[in-house]
Amino acid sequence: MLARLTTRLLTLGIFLLAFGAVENAHARPALPRDMEGDEFAWFYNQPGVALQQYRQDEALCATLRRQYVSQGQYGQGLVTDIFAAAMSPGRDSAQRDNCMRTRGYRRFEIRPGNQRAFMQRLAQSGEEVVENYVSSPNPPEGTLAVEWHNEYMDPGTSVYARETLNMPAPGQPIARSEAAGINFFYLRSHSAREIVVGDAYEPDMATIVLAMTTPSGERVAFNRDILAFLKIEPESGNVPLLNGHPTFINLGQWNRERVPERFQVFRVPAGRYALWRFVDTGNRAVDFCLRTIAFDVRAGEAVYAGRWRLAEGQPLNLSMADSDDARNALRQISPELADSMQLATYVNGVKLPCSTYYLPEYFFSYGIDLPVRTP
């Protein structure tokens, strides 16, 4: 009987070690402290979702924690087992919650309740009952608590995505732990080079112009990165390596003597570049690996990918209203490129490999969208 119950629980693809006393989480992603305790039960629901699709999504989100352990710096064996045990249950549940939310699921809560007891009860029910919980517009019990709100993007941004892609989740993590973790020295030293007046034109390379406005108008403490864009393979989302390293753009105010809020011009290999990471002034980092935005640039071309405005405690805002100024800045480096510069065309729905590191309260995986212009 116990073996059959265990099998049915695994078939549902749901962790049993998930408890919680959740504060209102509409305004931010879930953190480990949100999902600790045994004061309520919860389940995920997306109206109309097929049970098979739901189980696939649960399985994908359940593997995030194992990826951090098996692909990270901790190796295998005893140390891995100790680290895995230390992460349960809140870390597992928070990562799973953020993953399910970015995949379009709502979280319903049953209060008072106990997650383990609820899941045991659900596991003993038939598939029709389970399907009623996960796909009905009005589940048989529970109160809607959390759903996707795109917390990291200002809804008033003036840049729209052309479309939303339906990409599969990548099949591999980012290969290098230095690039995947919070190693700001690696990010600084391996970022794409920012070109300046006098640099030679390279026709086999692409040019990307970006700008960033920070609350103080100055560089950030500790020289940490603010926004990072990662080169990915368009079809898979996997990260190609160049000389053993990922290609990324580290948008930030690195040099005290450089003008803050300037237009930054990067020369990079042609391809697709996705918004990958955001680190705020409180040293909190999010990888937008579960759902993000991206644009393409071809060899010999230049694109303006916008001015990103950051304000402490506020979502990111993207504008291309100053594209004429961006063109003039690029003209100082290359008049030919400036004349042909185009505005970057962003798409939603891009999925990346998630990082191999996870630090509760400071580093987690989530998603971001741009508004899509409707006819």
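In this text the structure is predicted, and so the values were computed from the model without any measurement. Position labels on residues start from 1 in each chain and follow its written sequence. Only residues with pLDDT of at least 70 get local features here, since the model is predicted, and only at 80 or more are side-chain atom pairs given and counted; chain-wide, interface and lining totals rely on the full set of residues. Excluding hydrogens and water, the side-chain values take into account all heavy atoms of the structure.

J.: Mind showing me how you'd approach the side chain of K231 here?
T.: In DSSP terms, a helix is any run of H or I states spanning at least four residues, a strand is any run of E spanning at least two, and both are numbered starting from the N terminus. Relative to the helices and strands, K231 is located in strand β5 (residues 227-232). Exposure categories follow from relative accessible area, calculated using a 1.4 Å probe and restricted to protein chains: below 20% of the type maximum is buried, above 50% is exposed, and the middle band is partly exposed. Lys and Arg are tallied as positive, Asp and Glu as negative. Neither His nor the chain termini are counted. Any Lys or Arg side-chain nitrogen found within 4 Å of a carboxyl oxygen on Asp or Glu counts as a salt bridge. As a buried residue without a salt bridge, K231 has its nearest oppositely charged side chain in E233, at a separation of 7.7 Å. Excluding its chain neighbours within four sequence positions, the residues that come into contact with K231 are V239, P240, T247, P269, A270, G271, R272 and Y273. By the convention used here, residues are in contact when the closest approach between their heavy atoms is within 4.5 Å.

J.: Mind showing me how you'd approach the nonpolar core here?
T.: Side chains that are nonpolar tend, in soluble globular proteins, to be buried together. We call a set of buried residues a nonpolar core when its members are Ala, Val, Leu, Ile, Met, Phe, Trp, Tyr or Cys and they connect through side-chain atoms within 4.5 Å of each other. Formed by 52 residues in total, the largest nonpolar core has its most connected members in I208, W308 and Y346. Broken down by element, this core gets its largest block of residues, six residues, from strand β4 (residues 206-213). Core analysis: the next-biggest nonpolar cluster, separate from the first, contains 37 residues, C61, L187, I232 and L352 among them.

J.: For this particular structure, what's the right way to read the packing of aromatic side chains?
T.: Aromatic ring pairs are reported here in terms of the distance separating the ring centres and the angle at which the planes meet. By convention, a stacked pair of Phe, Tyr or Trp rings (six-membered ring in the case of Trp) has centres within 6.5 Å and planes under 30 degrees apart, an edge-to-face pair has planes over 60 apart, and any other such pair is tilted. All told, the structure shown has 16 aromatic pairs when counted by the stated rule. Both rings, one in Y273 and one in F295, keep their centres 6.4 Å apart while their planes meet at 25 degrees; by these two values the pair is stacked. A residue pair is termed long-range when its members are at least 10 positions apart, and Y273 in strand β8 (residues 271-279) and F295 in strand β9 (residues 285-297) qualify at 22 residues. Residue classification places F295 among the buried positions, given a relative accessible area of 1%. Put simply, the rings of W148, Y152, F278, F288 and Y366 touch in pairs and so form one group of aromatic residues. For a lysine, the NZ atom is tested; for an arginine, the CZ atom; a charge sits over a ring if that atom is within 6 Å of the ring centre and within 35 degrees of the ring normal. It is R111 that lies over the ring of F40; its NZ or CZ is 4.1 Å from the centre. The positively charged end of R307 is found above the aromatic ring belonging to F263, 5.0 Å away from the centroid.

J.: Just checking my understanding: could you explain the packing of helix α5 (residues 115-123) against helix α6 (residues 127-135) for this structure?
T.: A pair of packed helices can be characterised by two numbers: the angle between their axes and the separation between those axes. With axes taken as lines fitted to C-alpha atoms, and helix axes fitted only over the stretch in contact, angles between N-to-C directions fall between 0 and 180 degrees. Axis separation between α5 and α6 bottoms out at 9 Å; the angle between their running directions is 130 degrees. By the angle between their directions, the pair α5 and α6 is classed as oblique. Contacts between α5 and α6 involve F118, R121 and L122 from the former and V129, V130 and Y133 from the latter. Polar here means any residue other than Ala, Val, Leu, Ile, Met, Phe, Trp, Tyr, Cys and Pro, which are nonpolar, and Asp, Glu, Lys and Arg, which are charged; Gly is therefore polar. In the contact of α5 with α6, the residues fall into five nonpolar, no polar and one charged. Should an angle fall under 35 degrees it is taken as roughly parallel, and over 145 as roughly antiparallel, whereas 65 to 115 is taken as roughly perpendicular and any remaining angle as oblique.

J.: Can you help me understand the sheet that holds strand β3 (residues 143-146) in this one?
T.: To summarise the sheet geometry, strands pair through backbone hydrogen bonds and adopt either a parallel or an antiparallel arrangement. Each pair of strands is called paired provided DSSP finds at least two bridges between the two strands. The strand order across the open sheet formed by three strands is β1-β2-β3, and the pairing between neighbours is antiparallel. Only two strands of the sheet have a single neighbouring strand rather than two, namely β1 (41-45) and β3. Averaged over all pairs of adjacent strands, the angle between their axes in this sheet comes to 40 degrees, without regard to strand direction. In the packing of α5 onto the sheet, contacts are made with β1 and β2 (106-110), and the angle to β1 comes to roughly 50 degrees.

J.: Quick question: what am I supposed to make of the state of the cysteines here?
T.: Here a disulfide denotes a covalent bond joining the sulfur atom of one cysteine to the sulfur atom of another. Disulfides are defined as cysteine sulfur pairs within 2.5 Å. Using the criterion set out here, one finds two disulfides in the structure. Along the protein, the cysteines engaged in disulfide bonds are linked according to the scheme 1-2, 3-4 when indexed in sequence order.

J.: I keep staring at the pairing of strand β10 (residues 302-309) and nothing clicks. Help me out?
T.: Each regular strand displays side chains that alternate between the two surfaces of the sheet. Where burial is concerned, most of β10 is hidden: seven out of the eight residues are buried. Pairing geometry for β4 and β10, over six bridges, is parallel. Looking at β10, one finds that A211 is bridged to R307. Of the strand pairs in this sheet, β10 and strand β12 (residues 342-343) are connected by two bridges, and their pairing is parallel.

J.: Can you walk me through the environment of I110 in this structure?
T.: Within the element layout of this structure, I110 appears in strand β2. Residues I110 and L144, 34 residues apart in the sequence, show an inter-C-alpha distance of 9.3 Å. The residues touching I110, leaving out its near neighbours within four places in the chain, are F40, A41, F43, F118, E141 and G142.

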